Amino acid sequence: MHPNTDHSFADVDAHTLKQWLHDGSEIALLDVREHGQYGESHLFYAAPLPYSRLEMDIVRLAPRRGVRVVVYDNGGADDTAARAARALGALGYGQVHRLAGGLAHWQQEGYAAFAGVNVPSKTFGELAEEVFHTPRIGARELAERQRRGDDLIVLDGRPYAEYQKMSIPGGVCCPNGELALRAHTLASSPDTTIVVNCAGRTRSIIGAQTLINLGVPNPVYALENGTQGWYLEDLQLEHGARRRYADDIAEKDVPALAQRSAQLAERHGVPVVGASQVQAWLHDTARSTFLCDVRSAEEFQQGSLPGAQHTPGGQLVQATDQYLAVRGARIVVFDGEGVRAPVVASWLRQMGWDACVLKEGVQAALTHAAAVSHAPAVSVLSDAALAAALAQGAQAIDIRPSMRYRARHIAGARWSVRPRLDRLALDATRPVVLLAEEAELAAWAAGDLRARGIADIKVNIGTPEGWSAQGIALESTPAEPADSECIDYLFFVHDRHDGNKAAARQYLAWETNLVKQIDERELAAYRFPAG
């Protein structure tokens, strides 16, 4: 299909969209509201793509311009989806649709909406526990075993930065995607009990079941309810822990580990494909193909395949919708040694994805030009130039995250978020400076302001420390913007880690209830092994 030239779009009703979501053809369902709005209530298969970041992230989440796209907002007076649809048309997306009436229409027609984030992945985790009967251990029992000095190790299946925020005392960071390669060095005795934990439930379950599926000889348990369960039992969490797996793996161990992973992948019907086949897929304009590097961040930074996205294995399973938004797409996963990628692919296949492993891994000879979108040109001011501009009467608009603004911002700067910039009363005769954390994000927001007739727009990507050093007055407003205005922030998820036991209980109840909320077609999309 030729790209849109008039940037128009078609409306689709809720019943038709529901059919599209299950017709087997590719579809990218995009919730273009801000993160907080999305987290309060959204469609099951919707990928979060806030209008604030639309042009920045669409080329990663849905790179093929011919893919069928549906965008939606709240409905009613909300015009975010229409603006997003026109923006996608301008980028060359040719099959753009808007859900008529938005989320409100979807629910009026009797379809469910879901709170939270990464809902398909977390629902999968709950189903996996039911299907596999994954062994679990409660916080009190684990604490008692630790007190007794039992032979056990706690492996934290989350990324290192998340682990450092709060962890089980004595726990070692080993993200789920690394378990197949590294667990044997962390628990070298087959008698050592392994407990896998995360912040809540999904990664504890998937991590523990990964080791069980691989056939490790150790007793393995998922820590029930993760760090939240520990906290709810009034047990002390560690903060700032630095224990993590060692980077080096004995070369002699790799062949046996790779064979074990290959056998697991084969049991789950994971295809292994060569570089020539993947190259052909990458040139296929009728189907989307995602190249996913499941290695660690350190390995990815040393070099990867052209066009590949860094998708650490545990996170790709835990938060699939943050890495790819096209249902029905091909996912090609790879690593550097053949141990990690087959395990990740085995989970993705069970989640319903068309996932395969790249035979040659990171050594594959591939050429691929990743899609890009070019942000409008914008002038970036130094902190010193910002101070001068403010002194000369420039209007400061802070589009950093709302919680960052509350904590510390330039005195007199107004907070806003891109879809609501049109609500600001701005003087078109005075310069505007957008304060942002990313110049590209600010550049797209500046484009919206230019469309409103504001010509003199510049950007600053400084920090409160840098501003203060230039003599710019700062202030804190813990209650402003009001909670209701902070549409970029999901209180529901964050409060559970901020000493709020009620929020933690609410979150866990939400997670365990997900399975009861999905319908038969959503359930049937998962592909667990028979028997």
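I will try to describe carefully the structure that is included in this document. Here the structure is a predicted model, which is why all the values come from computation and not from measurement.

Positionally, Asp-398 belongs in strand β18 (residues 395-398). A polar atom in the side chain of Asp-398 sits 2.9 Å from the side chain of Arg-400.

If you trace the 5 strands from one edge of the open sheet to the other, you get β11-β16-β15-β12-β13, paired in parallel fashion. The strands lining the two open edges of the sheet, one partner per strand, are β11 (272-273) and β13 (309-310). Sheet analysis places strand β12 (residues 289-293) next to β13, joined by 2 bridges and oriented parallel. Pairing of Asp-293 across the sheet is with His-310, part of β13.

Considering only enclosed or pocket space, the second largest pocket measures out at about 560 Å³ in volume. What lines the second largest pocket is a set of 23 residues, and nearest its centre among them are Val-59, Pro-63, Arg-64, His-368 and Ala-371. Those elements that provide at least two residues to the lining of the second largest pocket are α3 (54-61), α13 (275-282) and β12. Here the lining of the second largest pocket takes 3 residues from β12, the largest share from any one element. Residue classes in the lining of the second largest pocket are distributed as 10 nonpolar, 8 polar and 5 charged.

Moving on, we come to the side chain of Asp-321. Positionally, Asp-321 belongs in the loop between α15 (313-318) and β14 (326-327). No salt bridge forms around the buried Asp-321; measuring N to O, its nearest opposite-charge neighbour Arg-60 is 9.2 Å away. Dropping the residues within four chain positions of it, Asp-321 is found in contact with Tyr-38, Ala-46, Ala-47, Pro-48, Leu-61, Asn-118, Val-119 and Pro-120.

A few words on helix α9 (residues 179-186). Taken residue by residue, α9 has Leu-179, Ala-180, Leu-181, Arg-182 and Ala-183 as its buried positions. On its buried face, α9 sits against β7 (152-156), α10 (202-214), α12 (254-267), α14 (297-301) and α16 (340-350).

To continue, consider the sheet that holds strand β6 (residues 136-137). Backbone hydrogen bonds are what pair the strands of a sheet, in a parallel or an antiparallel way. With respect to topology, 5 strands assemble into an open sheet ordered β6-β10-β9-β7-β8, the strand pairing being parallel. Of all the strands in the sheet, the pair left with one neighbour each is β6 and β8 (172-173). Relative to β8, β7 is paired through 2 bridges, and the arrangement is parallel. Residue pairing across strands places Asp-156 opposite Cys-173, the latter belonging to β8.

Within soluble globular proteins, side chains that are nonpolar generally end up buried alongside one another. Leu-17, Leu-30, Val-333 and Leu-434 are the most contacted members of the largest nonpolar core, which has 109 residues in total. What Leu-30 contacts, discounting residues up to four positions off in sequence, is Ala-47, Leu-49, Ile-58, Val-69, Val-70, Val-71, Tyr-72, Leu-88 and Ala-325.

Take Asp-13: it is sitting in the loop between β1 (10-12) and α1 (14-20). Overall, Asp-13 belongs to the partly exposed group, its relative accessible area being 35%. When the C-alpha atoms of Asp-13 and Arg-244 are compared, they prove to be 49 Å apart, with 231 residues separating the residues in sequence. Look past the residues within four positions of Asp-13 in its chain and what remains in contact with it is Leu-99 and His-105. Within the structure, Asp-13 has its side chain in polar contact with the backbone nitrogen of His-15 (distance 2.9 Å). Polar contacts involving the side chain of Asp-13 include one to the main-chain amide nitrogen of Thr-16, which spans 2.8 Å.

Further remarks concern empty space enclosed by the protein. Going through the model one piece at a time under the given rule, you end up with 2 cavities of 30 Å³ or more. At the level of elements, α9, α10, α15 and α16 are the ones that each hand at least two residues to the lining of the largest cavity. For the lining of the largest cavity, a count of residues per class yields 7 nonpolar, 7 polar and 2 charged. In this structure, the second largest cavity spans a volume of roughly 40 Å³. As for the second largest cavity, its lining consists of Glu-129, Arg-136, Arg-201, Ser-204, Ile-205, Ala-222, Leu-223, Glu-224 and Asn-225. Listed by contribution, the elements that provide at least two residues to the lining of the second largest cavity are α10 and β10 (220-223). Considered class by class, the residues forming the lining of the second largest cavity number 3 nonpolar, 2 polar and 4 charged.

Definitions and limits used
Residues numbered from 1 in each chain as written. Predicted model: local features only at pLDDT ≥ 70, side-chain atom pairs only at ≥ 80, totals over all residues. Heavy atoms only, no water. Helix = DSSP H or I, 4+ residues; strand = E, 2+ residues; numbered from the N terminus. Polar contact = N/O pair within 3.5 Å; in protein donor to acceptor, adjacent residues only side chain to side chain. Pairing = 2+ DSSP bridges. 1 Å grid on protein atoms, 1.4 Å probe; cavity = no way out; pocket = protein on both sides within 12 Å on 5 of 7 lines; lining within 4 Å. Points joined across faces, edges and corners; volume = space filled by probe spheres on them. Nonpolar A, V, L, I, M, F, W, Y, C, P; charged D, E, K, R; others polar. Buried < 20%, exposed > 50% of the residue type's maximum accessible area, 1.4 Å probe, protein only. Lys, Arg positive; Asp, Glu negative; His and termini not counted. Salt bridge = Lys/Arg side-chain N within 4 Å of Asp/Glu carboxyl O. Contact = heavy atoms within 4.5 Å. Core = buried A, V, L, I, M, F, W, Y, C linked by side-chain atoms within 4.5 Å.

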